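Residues per chain are reported as follows:
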Amino acid sequence: MVSISLCMIVKNEERVLARCLDSLAPIVDEIIVVDTGSVDATKEIAKRYTKYVYDFVWTGSFADARNFAASKATKEYIYTADADEYLDEENQAKLKQLKSILLPEVEMVQMLYCTSAENNTVYNFEKEYRPKLYRRLRPFVWIDPIHETLRTAPVVYDSQIEIRHCPEGNHAARDLQALLQAGQRKGRFSSKLHHMYAMELYHSGTDEDFVNAVPVFEKTLVEDNRTIDEVKEAMCVLARAYRVQGNLPKFFGFALKDAVTSSCAEICCELGKFYENSGDTGEAILWYQNAATETESILDIRTSQEIPREGLKRCGVEESDG
């Protein structure tokens with residue numbers, strides 16, 4: 001049977017932390033909780049379950065905090081958890097079984113991260129595999145019978161364990177600030193964070209958040225080797241930012257550039273909103289209908305569903321029964 005260190009980073013999680021720890025404490029062999037500045041009872045709750053509670057001065061990087069927590073672990077595997085997730089009884093049993101039968105060559109275990117649509121998160125899915133359990137000290141082995149080389153890709157096992165993610169609050173302001181800071185740093189903004197930033201903006205961003213993001217996404221358009229998907233993400237963000245600023249040449253410029261490829265629902269909604277605000281109901285209806293029936297979302301699934309439907313309703317178009 002393998003041994004597991006539970007590693008968590010927390011801040012102001014007094015409402016949900018006990019639920020998470022109650023579901024994992026009977027299974028893991030060590031609990032490490034790293035607090036990044038709580039002003040509520042989070043640390044006191046954590047100390048009911050473990051003596052390994054540490055303070056960490058926030059650097060603006062979740063990776064820094066995760067790495068600090070991992071540095072305190074001593075067991076064979078590390079299980080990462082957020083306070084707003086937990087395992088129900090069925091999946092606790094699955095994790096216990098996995099712990100007893102896990103093969104030594106497995107270096108990483110993915111689990112299904114389950115977020116109900118009613119929790120209103122930035123993700124456009126209800127289940128997604130995520131790496132949750134990984135070997136603390138990774139062994140390197142030689143492979144191939146000739147021209148041998150070191151195996152660098154981890155051995156990953158996709159389990160059927162389902163983690164319930166039930167956020168109680170919206171961390172959008174915190175996440176948007178961290179993403180903005182990451183985008184402003186020197187060097188290339190990673191494709192993953194580029195996509196997450198654009199998604200978070202469309203899901204939770206204010207007009208000010210979009211305007212603040214302009215330099216980050218304008219840089220995308222002049223960088224080499226950006227994919228068409230990243231360019232389209234940037235154009236969606238910039239179109240929204242320039243619409244709310246009233247910069248019509250740039251707004252229509254990005255909207256037209258999107259149309260040169262395959263139009264997305266986000267840009268159609270932006271055009272619908274522009275014409276609706278301008279009092280041109282007929283043109284607004286055209287673009288909202290395009291968003292709802294002719295195009296697909298690339299950042300926020302709501303732009304091909306409830307957002308254009310609500311726009312059409314405001315413009316006097318009743319939803320058909322068919």
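What you see as residue numbers is a count from 1 along each chain, following the sequence as written. Under the rules for a predicted model, residues below a pLDDT of 70 receive no local features and side-chain atom pairs below 80 are neither given nor counted, while totals for whole chains, interfaces and linings still include all residues. The basis for every side-chain value is the complete set of non-hydrogen atoms in the structure, without hydrogens or water.

Peer 1: Residue-level account of the packing of aromatic side chains, with values.
Peer 2: For any two aromatic rings, the description comes down to two numbers: the centre-to-centre distance and the angle of the planes. Stacked, tilted and edge-to-face are the three classes assigned to paired rings of Phe, Tyr and Trp, where Trp is represented by its six-membered ring and a pair needs centres within 6.5 Å; plane angles under 30 degrees give stacked, over 60 edge-to-face, the rest tilted. Following the criterion strictly, the structure yields 12 aromatic pairs and no others. A centroid spacing of 5.0 Å and a plane angle of 75° characterise the contact between F274 and Y275, whose relative ring orientation is edge-to-face. The two residues F274 and Y275 agree in class, both being buried. These aromatic residues form a ring-pair network of at least three members: F251, F252, F274 and Y275. The ring centre of Y202 lies 4.8 Å from the NZ or CZ of R240, which sits over that ring. Think of it as a cone above the ring: NZ of Lys or CZ of Arg counts as a charge over the ring if it is within 6 Å of the ring centre and within 35 degrees of the ring normal. Directly above the aromatic system of F210 lies the positively charged group of R240, at a separation of 4.6 Å from the ring centroid. Exposed residues in this analysis have more than 50% of their type's maximum accessible area, buried residues have under 20%, and partly exposed residues fall in between, with area computed by a 1.4 Å probe over protein chains only.

Peer 1: Break down helix α3 (residues 62–71) for me, with residues and values.
Peer 2: We count a stretch as a helix when DSSP gives it H or I for four or more residues in a row; a strand needs E for two or more, and each element gets its number in order from the N terminus. Of the residues making up α3, those classed as buried are A65, A69 and A70. Taken down its axis, α3 places every buried residue within 135° of arc, on the same side. With respect to the buried face of α3, the exposed residues turned more than 90 degrees away are N67 and S71. Whether two residues are in contact is decided by their heavy atoms: any pair within 4.5 Å suffices. Looking at the packing, one finds that the buried side of α3 touches β1 (4–10), β2 (30–35), β4 (77–81) and β7 (127–135). Between N or O atoms, a polar contact is any pair within 3.5 Å; within protein, one atom must be a potential hydrogen donor and the other a potential acceptor, and residues adjacent in sequence are included only when both atoms are from side chains. Here α3 starts with a cap whose side-chain oxygen sits 3.3 Å from the backbone nitrogen of A63, and that cap is S61. Note that the arc is defined by the directions from the helix axis to the C-beta atoms.

Peer 1: Can you explain the side chain of T220? Please cite residues and give values.
Peer 2: Note that T220 resides in helix α8 (residues 214–220). Under the relative-accessibility criterion, T220 is labelled buried at 2%. Only 2.8 Å separates the side chain of T220 from the side chain of H194, close enough to count as a polar contact. Contact partners of T220, with chain neighbours within four places excluded, come to H194, R226, E230 and A234.

Peer 1: Give me the lowdown on the environment of K232, citing residues and values where you can.
Peer 2: Relative to the assigned elements, K232 resides in helix α9 (residues 228–245). By relative accessible area, which is 6% here, K232 ends up buried. Distance from K232 to H147, taken between C-alpha atoms, is 43 Å for residues 85 residues apart in sequence. Once you skip the residues sitting within four places of it in the chain, K232 turns out to touch D258, T261, S262 and I298.

Peer 1: Summarise the sheet that holds strand β10 (residues 156–165); cite the residues concerned and give the values.
Peer 2: Each strand in a sheet pairs with its neighbour through backbone hydrogen bonds, running either in the same direction (parallel) or in the opposite one (antiparallel). Strands pair, by our definition, only if DSSP identifies at least two bridges between them. Strand order in this open sheet of eight strands is β3-β2-β1-β4-β7-β6-β10-β5, and the pairing throughout is mixed. Both outer strands of the open sheet, β3 (53–55) and β5 (85–86), are each paired with one neighbouring strand and no more. Where β1 lies against β4, five bridges are found, and the strand directions are parallel. Counterpart to L6 in the pairing with β4 is Y79. Angles here are taken between N-to-C directions and fall from 0 to 180 degrees, while the axes themselves are lines fitted to C-alpha atoms, restricted in helices to the stretch in contact. Docked against the sheet, helix α1 (residues 17–24) engages β1, β2, β4 and β5, running at close to 175° with respect to β1.

Peer 1: Got a sec to walk through empty space enclosed by the protein? Specific residues and values, please.
Peer 2: In the cavity and pocket records, a cavity denotes points on a 1 Å grid over the protein atoms alone where a 1.4 Å probe fits but cannot get out, a pocket denotes an open set with protein on both sides within 12 Å along at least 5 of 7 lines, and lining residues are residues with an atom within 4 Å of a point. Grid points are joined across faces, edges and corners, and a volume is the space filled by probe spheres set on the points. Taken as a whole and judged by the stated rule, the model has one cavity of 30 Å³ or more. The calculated volume of the largest cavity comes to roughly 40 Å³. In this structure, the largest cavity is lined by A255, D258, A259, S263, C264, I267, C268, L271 and W287. Broken down by secondary-structure element, the contributors of at least two residues to the lining of the largest cavity are α10 (248–260) and α11 (265–278). In the lining of the largest cavity, the residues fall into seven nonpolar, one polar and one charged. Throughout, the ten residues Ala, Val, Leu, Ile, Met, Phe, Trp, Tyr, Cys and Pro are labelled nonpolar, Asp, Glu, Lys and Arg are labelled charged, and all others, Gly among them, are labelled polar.

Peer 1: Talk me through the pairing of β2; I want residue IDs and the actual numbers.
Peer 2: Taking burial as the measure, the six residues of β2 include six buried ones, the bulk of the element. Neither face of β2 is exposed, since E30, I32 and V34 on one face and I31, V33 and D35 on the opposite face are all buried. Of the pairings in the sheet, the one linking β1 to β2 comprises six bridges and is parallel in character. Bridge pairing in β2 links V10 to D35. When the strands point away from the viewer, a crossover counts as right-handed if the path from the first strand over the helix to the second runs clockwise. Viewed along the sheet, the connection from β1 through α1 into β2 turns out right-handed.

Peer 1: Break down helix α13 (residues 306–314) for me, with residues and values.
Peer 2: Taken together, the buried positions of α13 are occupied by P308, G311 and L312. Across the axial projection of α13, the buried residues extend over an arc of 100°, all falling on one side. Residues of α13 that are buried sit in contact with α11 and α12 (281–294). Looking one or two residues past α13, G316 carries a phi angle of roughly 95°, positive in sign.

Peer 1: I'd like a description of unusual backbone geometry, backed by residues and values.
Peer 2: For residues other than glycine, phi is negative in most cases, and the peptide bonds are mostly trans. Its identity is not glycine, yet D144 carries a phi of approximately 80°, on the positive side. Positionally, D144 belongs in the loop between β8 (142–143) and β9 (149–150). A relative accessible area of 46% places D144 in the partly exposed class. Of note in the backbone geometry, N225 takes a positive phi value of approximately 65° without being a glycine.

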